[in-house]
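# An overview of the molecular structure
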Amino acid sequence: MADLNTLANQFVQYYYNLFQTNRADLKPLYRDNSMLTFEGAQFQGVNAIIEKLTTLPFQQVAHRIATFDAQPSINNGIIVMVTGELLIDQETNAQRFSQTFQLIPDSGTYWVLNDVFRLNYG
């Protein structure tokens, strides 16, 4: 499981770094059959997903990762669940979030088949 957790950690660091610096650079991580569920709204395909991510109503975001868990999936894929906090623009009160990815292997790298994001209230 160490390799699985190492891969998951590398993905988490890479994904959130790109998200924070230039969300459009996330495009190579998605495919036409990828799906994003963002706060209950579903987006299918790389172009729809990137359009959603790049038109979110904030300029700056910082992710503080609290936990991540990884499990093996079908065909050598990986399920990664992330929890943490978001700091958006100039806000000082962080918002809690959870996000789950299903990663699919492809020629020595991974792409995102499923991506589910939810703010956690309460």
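Residues numbered from 1 in each chain as written. Predicted model: local features only at pLDDT ≥ 70, side-chain atom pairs only at ≥ 80, totals over all residues. Heavy atoms only, no water.

### Focus: the overall build of the protein
Helix and strand content of the protein: two helices and six strands. Starting at the N terminus, the α and β elements of the protein follow one another as α-β-β-α-β-β-β-β. Computed over the C-alpha atoms, the radius of gyration of the protein is 14 Å, within 12% of the 14 Å expected from 2.2 N^0.38 for a compact globule of 122 residues. The principal-axis extents of the C-alpha atoms in the protein amount to approximately 40 × 30 × 25 Å. The contacts of the protein with a sequence gap of at least 6 include a subset with a gap of at least 24, amounting to 46%. (Helix = DSSP H or I, 4+ residues; strand = E, 2+ residues; numbered from the N terminus. Rg over C-alpha atoms; globule rule 2.2 N^0.38 Å. Contact = heavy atoms within 4.5 Å.)

### A short note on the pairing of strand 1 (residues 30–38)
Pairing of strand 1 with strand 6 (residues 109–120) involves five bridges; the strand directions are parallel. Across the sheet, the residue bridging to leucine 36 is aspartate 115, located in strand 6. In the sheet, strand 1 pairs with strand 2 (residues 41–44) via four bridges, with the strands oriented antiparallel. Opposite leucine 36, over in strand 2, you have phenylalanine 43 as the bridge partner. In sequence, strand 1 turns back onto strand 2 through a hairpin of two residues, with glutamate 39 there showing a positive phi of about 55 degrees. (Pairing = 2+ DSSP bridges.)

### Some details on the UniProt feature "domain: NTF2" (unreviewed entry) in the protein
Cross-referencing UniProt, the feature "domain: NTF2" (unreviewed entry) maps to residues 7–119 in the present numbering. Secondary structure content for residues 7–119 is 21% helix and 52% strand, and the end C-alpha separation is 25 Å. (UniProt positions renumbered as here; feature names shortened; annotations may be inferred.)

### Structural notes on the side chain of serine 98
With respect to the helices, strands and loops of the structure, serine 98 is situated in strand 5 (residues 95–106). A polar atom in the side chain of serine 98 sits 3.4 Å from the side chain of asparagine 120. Once residues lying within four places of it in the same chain are set aside, the contact partners of serine 98 are Met81, Val82, Thr83, Val116, Phe117, Arg118 and Asn120. (Polar contact = N/O pair within 3.5 Å; in protein donor to acceptor, adjacent residues only side chain to side chain.)

### Observations regarding the sheet that holds strand 3 (residues 61–72)
Within a sheet, neighbouring strands are paired by backbone hydrogen bonds and run either parallel or antiparallel to one another. Ordered in space as 2-1-6-5-4-3, the six strands form an open sheet in which the pairing is mixed. The sheet is open, and its two borders are formed by strand 2 and strand 3, each paired with just one other strand. Each neighbouring strand pair of the sheet contributes to a mean axis angle of 15 degrees, computed without reference to strand direction. (Axes fitted to C-alpha atoms, helices over the stretch in contact; angles between N-to-C directions.)

### Observations regarding the nonpolar core
With 32 residues, the main nonpolar core has Tyr15, Leu26, Tyr30, Leu53 and Phe101 as its most contacted residues. For this core, the secondary-structure elements that each account for two or more residues are helix 1 (2–21), strand 1, helix 2 (46–54), strand 3, strand 4 (78–88), strand 5 and strand 6. Examining the composition of this core, we find that eight residues originate from one element, helix 1, more than from any other. Dropping the residues within four chain positions of it, phenylalanine 101 is found in contact with Phe11, Tyr15, Tyr16, Ile78, Ile79, Val80, Val82, Val112, Asn114 and Asp115. (Core = buried A, V, L, I, M, F, W, Y, C linked by side-chain atoms within 4.5 Å. Buried < 20%, exposed > 50% of the residue type's maximum accessible area, 1.4 Å probe, protein only.)

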